[in-house]
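# Remarks on the overall topology
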Amino acid sequence: MNIINTDVIIIGAGPTGLSLACQLIRHGIDFVLVEKNDTVTRFSKAIGVQARTLEIYDQIGLAQPAIQRGTIASRVRLIEGGELRGEMNLGNFGKDLSQYPYMLMLEQSKNEELLYDFVRRHGRDVRWNTELESFSQDATGVTAHIKTPSGESETIRGKYLVGCDGASSPVRRGLGLTFAGSTFERLFYVADARVDWDLPHDALHVCLAREVFVAFFPMPGEHRYRVVGTFPESKNGEEGEVVYEEIEREIKEQAKLKLEMSDVRWFSLYKVHSRRVNKFSEGRCFLAGDSAHIHSPAGAQGMNTGIGDAYNLAWKLALVVKGIAAEELLDTYNEERLANAQRLLESTDRMFEFAAGSHWLMSFIRTTIFPPVAGFVASLETFSKRIFPLISQIGINYRNASLSQHTADEREVKAGDRLPYFEVDGRSIFEQLKQPKFHLLLFSRRDREDVCEDVCEDFLSWYGHLADCHVIPVNAKVSELFETEDEFCVFLRPDNQIAFISSEMSPRPVGEYLQARNIS
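So, a few notes on the structure that sits alongside this text. (Residues numbered from 1 in each chain as written. Predicted model: local features only at pLDDT ≥ 70, side-chain atom pairs only at ≥ 80, totals over all residues. Heavy atoms only, no water.)

Here we take up the sheet that holds strand 3 (residues 48–49). Pairing in this open sheet of three strands is antiparallel, and the strands run 3-7-4 from one edge to the other. In this open sheet, the two strands that pair with only one neighbour each are strand 3 and strand 4 (71–72). Sheet topology note: the strand 4/strand 7 (residues 104–105) ladder contains two bridges and is antiparallel. Considered in strand 7, the bridge of Ile72 is made with Leu104. (Pairing = 2+ DSSP bridges. Helix = DSSP H or I, 4+ residues; strand = E, 2+ residues; numbered from the N terminus.)

If you want it as structure tokens, here you go:
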């Protein structure tokens, strides 16, 4: 029997699996990507692309193509009883926090097309119409048996396997992992349609009511919107019992706006689940995306979190496959992403309860108190600095994880955080951090730059195969972020999360950090 050998077997070519493939290409790791469907999804599905995802896209040249194809949600208008009650300006909500200070409206199908195009441009492809039949693992690898489009069986042997195969994940079931959580009884609907009304196409419109809500997300194309809403509790029937005409009636009734909907390209009904696995890995097999966690659509977190899972896992797999790191490094994937999934479920559940909860007090706050003050609150810098990192995922941190080494040189910015955004000579710091390596940043006074360049040269002679080195001037923004005017260094992981901060400007602390984690 012919056996295909590879480094990583990826099951599922949705946004998570395709993102993992792109990152493995970036790190020079071989893979086989298997998908039971015949091509990327034809449906829009998830729609919000967060700042952290755009930062990840930027490293592989996909951020600008995504922005060109999408729509920036510049404002949110709040409507109650058919009248405008409040407005929030979100086009620059994350000002000074990210190069992408907004949410991009770009449906999942378009994201998958961008990612798949990257895969093909790099000489790789997806094995479409191919289904996982079974898999097993031993001390040296994973064996997967697949069914090809012709119905024949083939065997793939890989060092590792990653299940990116959705909420009903055969990989998760095969590993015997639990998927505990809850199901909200409220019935949701979603539709992609043309909406003709008097409101401009430059904003997300949210209609708030006592029992329900309905939101209109602007999409590329004239009068195109993604419409998402809830049915009242009294109409919580089974999904199959509701026809589209009832959804349209419900939208008109709840929005209390004069509108006409047509050219419906997709609609669906579902109940919201909030679930996660008990662990993200078992032996040489891993889970990512919806196979590991599903949650309410509040905050547009799902697709972005799967892409984040892939980003976290890829560099660790790469170092282990290349023999640079011990296999223990892979344990940190579960450590970091399981804790993140738990926080995510808690925050999306809270957002969901605010947006769609039926408790009388929550309804009163949502429809009466919140709309008129929303614009003022959103304009407050303290509010944006707290909320934007949460929604955009730039605030995800691994402060309590074993790869974060804390020192006395930390202040508000700590080991485990994403490197804060700032500019150097008018350009984003992340422009310098696109190589798939660790990065040593030496923050230097202007009169000491030559000395730091010598430190970089010495550092690269020892660790150039693992990391690059940059001398960064301590400007006013850097001093504000790191709360010091003195010299210091920041050692970054390949995913631009901070490994440690130190006042010692030498290769020594890097060597100690890597040695303690069996990376060489």
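Glancing now at the sheet that holds strand 21 (residues 438–444). Read from one edge of the open sheet, four strands run 22-21-23-24, paired in mixed fashion. Lying at the two open borders of the sheet, with one neighbouring strand each, are strand 22 (467–473) and strand 24 (498–502). Across the sheet, the mean angle separating the axes of adjacent strands is 15 degrees when strand polarity is ignored. Sheet analysis places strand 23 (residues 488–492) next to strand 24, joined by four bridges and oriented antiparallel. When the bridges of strand 24 are listed, Val490 appears paired with Ile501. Strand contacts of helix 11 (residues 449–463): strand 21, strand 22 and strand 23, with the helix running at about 170 degrees to strand 22, the strand carrying the most contacts. Its contacts with the sheet put helix 13 (residues 508–516) on strand 21, strand 23 and strand 24, and the angle it makes with strand 24 is roughly 145 degrees. (Axes fitted to C-alpha atoms, helices over the stretch in contact; angles between N-to-C directions. Contact = heavy atoms within 4.5 Å.)

Before going further, it helps to examine the state of the cysteines. With the rule as written, the count across this model stands at one disulfide. Here Cys456 engages in a disulfide with Cys469; their sulfurs sit 1.9 Å apart. Across the S-S bond of Cys456 and Cys469 the torsion is about -80 degrees, and the bridge reads as left-handed. Within this pair, whereas Cys456 is found in helix 11, its partner Cys469 is found in strand 22, the two being separated by 13 residues in sequence. (Disulfide = S-S within 2.5 Å.)

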